[in-house]
Structures are given as structure tokens and as C-alpha cells.
Amino acid sequence: MKSGFLTVYEFFKSLDNKKNIIRKLCEDDFELSESYTDITTRLRNFKKEINLDSKIKEIRNKTSGHFHNNLKEFLGIIDSINPIEDVIILYELVILLTRFNDFLLKLTLRK
């Protein structure tokens, strides 16, 4: 699960870095612009639902991306991971990423 949360965190960080480039690439195509807006709205809502800026960031910063030296705090963070709920989070992200991937394919193939 730790690596899954690392992937989630890094995806959103990468998307934030590239969002203006993607928006510019689809700005002259109404359908692509609308699709991008819809996808980013869904991703933004998902980001809020999963507490990316608190729970996911803490897991990434203290257990996945870096090793936290305080073993008690490290284990507390690990214990906060709920395998059943968090697998559902990763599944929901895969659905959103599939839509995003479809959008990127359309963007790439347009004339």
C-alpha cells in the first residue's frame, strides 16, 4: 500500500507540473478542453476525498519516499493504512487514470 500511495502522490505532483502545458495543447479544441476540464475536476475532487495533502502526503513523506527515524511514529502511520478502504482508493484512481489516458490519446492523435 505504501508504494501505491507514493504513486498517487507522485501522479498528482506530476499533473500539477504539466497542467498548463496540457491546457495549452487542447485550448483550440472545444471538445478536448471540455474533456480536460471534466477530468481535472474529477481528479481534484478525488484528491480532496483521499486527503492527499494530509494523509497521503504523510505516508509518502514518512514511509514511502523517505524513511522516518521515529519508529513509533513510522509504525503509527503504517497502522493508519486501511487495506480494504485504501485498495478501493487505488481502484478509483485507476478508473480516473484510464479516463485521463483516453484524453491524452485523443490529444496526441488530433490533427
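Please refer to the structure higher up on the page.
Residues numbered from 1 in each chain as written. Predicted model: local features only at pLDDT ≥ 70, side-chain atom pairs only at ≥ 80, totals over all residues. Heavy atoms only, no water.

Asker: Requested: an account of the overall build of the protein, with residues and values cited.
Answerer: Within the protein one finds 5 helices and 0 strands. Its helices and strands in sequence order give the protein the pattern α-α-α-α-α, from N to C terminus. In the protein, buried positions account for 30% of the 111 residues. A sequence separation of at least 24 residues applies to 73% of the contacts in the protein between residues at least 6 apart. Roughly 7,500 Å² of accessible area belongs to the protein as shown, and the carbon and sulfur atoms make up 55% of that amount. (Helix = DSSP H or I, 4+ residues; strand = E, 2+ residues; numbered from the N terminus. Buried < 20%, exposed > 50% of the residue type's maximum accessible area, 1.4 Å probe, protein only. Contact = heavy atoms within 4.5 Å. Areas by Shrake-Rupley, 256 points an atom, 1.4 Å probe, with all protein chains shown as cover.)

Asker: Outline the layout of surface pockets, supporting the account with residue identities and numerical values.
Answerer: Approximately 220 Å³ is the volume found for the largest pocket. Along the walls of the largest pocket sit Phe-12, Leu-15, Asp-16, Lys-19, Asn-20, Arg-23, Tyr-36, Thr-40, Leu-43, Arg-44 and Lys-47, which together make up its complete lining. Broken down by secondary-structure element, the contributors of at least two residues to the lining of the largest pocket are helix H1 (2-26) and helix H2 (30-49). No other element matches H1, which puts 6 residues into the lining of the largest pocket. Within the lining of the largest pocket, the residues separate by chemical class into 4 nonpolar, 2 polar and 5 charged. (1 Å grid on protein atoms, 1.4 Å probe; cavity = no way out; pocket = protein on both sides within 12 Å on 5 of 7 lines; lining within 4 Å. Points joined across faces, edges and corners; volume = space filled by probe spheres on them. Nonpolar A, V, L, I, M, F, W, Y, C, P; charged D, E, K, R; others polar.)

Asker: Can you lay out the nonpolar core for me, pointing to particular residues and giving the numbers?
Answerer: Judged by nonpolar contacts, the single largest core of 18 residues is most densely connected at Phe-12, Ile-22, Leu-43, Phe-46, Phe-100 and Phe-103. Elements with a contribution of two residues or more to this core: H1, H2 and helix H5 (83-109). Among all residues touching Leu-43, those that are not within four sequence positions of it are Phe-11, Phe-12, Leu-15, Leu-96 and Phe-100. (Core = buried A, V, L, I, M, F, W, Y, C linked by side-chain atoms within 4.5 Å.)

Asker: Please set out the side chain of Ser-33 residue by residue, giving values where relevant.
Answerer: Examined against the element boundaries, Ser-33 turns out to sit in helix H2. With sequence-adjacent residues up to four places away left out, Ser-33 is seen in contact with Cys-26 and Glu-27.

Asker: Describe the packing of aromatic side chains, with residues and values.
Answerer: Counted by the stated rule, this structure contains 5 aromatic pairs. Centroid distance Phe-11 to Phe-12: 5.2 Å. Interplanar angle 70°. Geometry classified as edge-to-face. Exposure class is identical for Phe-11 and Phe-12. Each is buried. Taken together, Phe-11, Phe-12, Tyr-36, Phe-46, Phe-100 and Phe-103 form an aromatic cluster joined through their ring pairs. (Phe/Tyr/Trp six-rings, centres within 6.5 Å; stacked < 30°, edge-to-face > 60°.)

Distances and angles like these do not, on their own, reveal function.
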